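Next come the chains, spelled out residue by residue.
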Amino acid sequence: MTVLKLGRKSSSAKNAIFMDCGIHAREWISPAFCQWFVKEALSTYGSDSQMTSLLDQMDVYVLPVFNIDGYDFTHKSNRMWRKTRSMRSGSSCVGADPNRNFNAGWCTLGASSNPCSDTFCGYSPESEIEVKNVANFIRKHKPTIKAYITIHSYSQLLLFPYSYTYELAADHSELLKVAEGASESLRSLYGTRYTSGPGATTIYPAAGGSDDWAYDLGVKYSYTFELRDTGRYGFLLPESQIQPTCEETMLAVKYIAAYVQKNI
Ligand SMILES: NCCCCC[C@@H](C[SeH])C(=O)O
Ligand SMILES: [Zn+2]
Ligand SMILES: [Zn+2]
Ligand SMILES: [Zn+2]
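Keep in mind the model is a prediction, meaning the values are calculated, not measured.

> Would you take a moment to explain the site of ligand 1 for this structure?
Around ligand 1 sit 14 residues, and of these Arg82, Asn99, Arg100, Tyr204 and Asp211 come closest. A distance of 2.8 Å is found between an oxygen atom of ligand 1 and a side-chain nitrogen or oxygen belonging to asparagine 99. Here a nitrogen atom of ligand 1 and a side-chain polar atom of aspartate 211 are 2.5 Å apart. Taking 370 Å² as the accessible area of ligand 1 by itself, protein coverage stands at 98%. Comparing atom positions with the cavity grids shows ligand 1 to sit within the largest pocket. Partitioned by chemical class, the residues of the shell around ligand 1 number 3 nonpolar, 6 polar and 5 charged.

The following block contains the structure:
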């Protein structure tokens, strides 16, 4: 698994943030953001005081395209594909939903055990190699990873645990406070409105998600972004909106990163 590691070289282990994009194949604005984030982070390091401080003090792991085979399939065959492209003998349907395949309330609610469903949870937790690799990486770096951010589209939401239960997370009020601050920061650029809240009540119940899994592993600041828009173009966001979406999302990510820096 190829992860980009951004940050000033340091002999001692620095605390880190892990961010992935492209877990769902059709959400093309997501990998676009991760790619843009890397360019922007590296080109503003040294001039932007917040980015400089962030990369001096922390490392940022970026996984630009989580679901590579699915992303490729959306370019070549089916633009609306969501899942992985794993094959299983005996099943006529392909792939599992990687955001239902993590070991967090696995396949209990908001997921399907039907291999042909777009929210198929997989044959077992971490059955998808992409999920296993990311889970292994985060487990291995557990002591230093202080925040997990996963980028999706669309709906303009900033979600945090839990989605596998309606129970509030132990850190609910803090996670909400940070999400609202980040959404406010995002809105300050172009007025784009986000809704913040726990996944289960803010979007829908959904077990097996990467954010819930990271949170239960101990990564307190765990967030799922649903980027633009709210349905006009949906997954087919026009090219003209890529740059503004990236710029406003950067403000939210920097807000979260700055909060994490101050509070770990
Ligand atoms: N952990 C689940 C967060 C809420 C659902 C997020 C959306 C992104 Se397309 C989904 O995976 O259905
Ligand atoms: Zn293409
Ligand atoms: Zn998604
Ligand atoms: Zn989505």
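Moving on, there is more to tell.
> Just to check I follow, could you spell out the pattern of salt bridges for this structure?
When charged atoms on two side chains of opposite charge get close, those side chains can pair. Evaluation of the coordinates by the stated rule reveals 14 salt bridges. Put simply, glutamate 126 and lysine 132 hold a salt bridge, and the shortest N to O gap is 3.4 Å. Given the relative accessible area of 9%, glutamate 126 is considered buried. Take lysine 132: its relative accessible area is 32%, and that puts it in the partly exposed class.

> Sorry, what's going on with the coordination of the zinc ion (ligand 3) here?
Around a metal, the idealised angle for a tetrahedral arrangement of four donor atoms is 109.5 degrees; for an octahedral arrangement of six donor atoms it is 90 or 180 degrees. In this structure, His24 (ND1), Glu27 (OE), Glu27 (OE) and His152 (ND1) serve as the protein donors to the zinc ion (ligand 3), at separations of 2.0 to 2.3 Å. Taken together, the 4 donor atoms surrounding the zinc ion (ligand 3) define angles of 57 to 150 degrees at the centre, an arrangement classified as irregular. Mapping the donors of the zinc ion (ligand 3) onto the primary sequence yields the spacing H-x2-E-x124-H. For the pair the zinc ion (ligand 3) and the zinc ion (ligand 4), the metal-to-metal distance amounts to 3.6 Å. Of this pair, glutamate 27 sits in the loop between β2 (16-21) and α1 (29-44) while histidine 152 sits in strand β4 (residues 145-153), and the two are 125 residues apart along the sequence. Histidine 152 shares its class with glutamate 27; the two are buried.

> Can you walk me through the nonpolar core in this structure?
Within soluble globular proteins, side chains that are nonpolar generally end up buried alongside one another. In terms of nonpolar packing, the biggest core is built from 44 residues, with Phe33, Phe37, Tyr223 and Phe225 touching the most fellow members. It is helix α8 (residues 242-263) that provides the largest number of residues to this core, a total of 8 residues. Core analysis: the second largest hydrophobic core is formed by 20 residues, Val3, Ala16, Tyr61 and Leu217 among them.

> How should the pairing of strand β5 (residues 157-160) be read in this particular structure?
Consecutive side chains along a regular strand alternate between the two faces of the sheet. Side chains Leu157 and Leu159 of β5 all project onto a buried face; the interleaved residues Leu158 and Phe160 project onto the opposite face, where all are buried too. Of the strand pairs in this sheet, β5 and strand β6 (residues 195-198) are connected by 4 bridges, and their pairing is parallel. Residue pairing across strands places leucine 158 opposite serine 196, the latter belonging to β6. One crossover worth recording links β5 to the parallel β6 by way of helix α5 (residues 172-190), and it is right-handed.

> What exactly am I supposed to notice about the packing of α1 against α8 here?
Angle between the axes and distance between the axes: these two values describe a pair of packed helices. Where α1 meets α8, the closest approach of the two axes is 10 Å, and the angle between their N-to-C directions is 65 degrees. With respect to their mutual orientation, α1 and α8 come out roughly perpendicular. Remark: the crossing between α1 and α8 carries right-handed chirality. When α1 is examined against α8, the residues Ile29, Ala32, Phe33, Trp36, Phe37, Glu40 and Ala41 are found in contact with a partner set consisting of Ile242, Gln243, Thr245, Cys246, Glu247, Thr249, Met250 and Val253.

> What should I look at first to understand the environment of threonine 108 in this one?
Mapped onto the fold, threonine 108 is located in the loop between α3 (68-76) and α4 (129-140). By relative accessible area, threonine 108 is classed as exposed at 55%. Placed 99 residues apart in sequence, threonine 108 and alanine 207 show a C-alpha to C-alpha distance of 6.0 Å. Of note is the side chain of threonine 108, whose polar atom sits 2.6 Å from the backbone oxygen of glycine 105.

Rules behind the numbers
- Residues numbered from 1 in each chain as written.
- Chains lettered and ligands numbered in written order.
- Predicted model: local features only at pLDDT ≥ 70, side-chain atom pairs only at ≥ 80, totals over all residues.
- Heavy atoms only, no water.
- Near = heavy atom within 4 Å.
- Polar contact = N/O pair within 3.5 Å; in protein donor to acceptor, adjacent residues only side chain to side chain.
- Areas by Shrake-Rupley, 256 points an atom, 1.4 Å probe, with all protein chains shown as cover.
- 1 Å grid on protein atoms, 1.4 Å probe; cavity = no way out; pocket = protein on both sides within 12 Å on 5 of 7 lines; lining within 4 Å.
- Sits in = over half its atoms within 2 Å of the grid points.
- Nonpolar A, V, L, I, M, F, W, Y, C, P; charged D, E, K, R; others polar.
- Salt bridge = Lys/Arg side-chain N within 4 Å of Asp/Glu carboxyl O.
- Buried < 20%, exposed > 50% of the residue type's maximum accessible area, 1.4 Å probe, protein only.
- Donors = N, O, S within 2.8 Å, 3.2 Å for Na, K, Ca; no water.
- Tetrahedral: all angles 85-135°; square planar, octahedral: opposite > 155°, others 65-115°.
- Helix = DSSP H or I, 4+ residues; strand = E, 2+ residues; numbered from the N terminus.
- Core = buried A, V, L, I, M, F, W, Y, C linked by side-chain atoms within 4.5 Å.
- Pairing = 2+ DSSP bridges.
- Right-handed = clockwise from strand over helix to strand, strands pointing away.
- Axes fitted to C-alpha atoms, helices over the stretch in contact; angles between N-to-C directions.
- Parallel < 35°, antiparallel > 145°, perpendicular 65-115°, else oblique.
- Left-handed = near helix turned anticlockwise from the far one by under 90°.
- Contact = heavy atoms within 4.5 Å.

No statement about biological role is implied by the geometric values presented.
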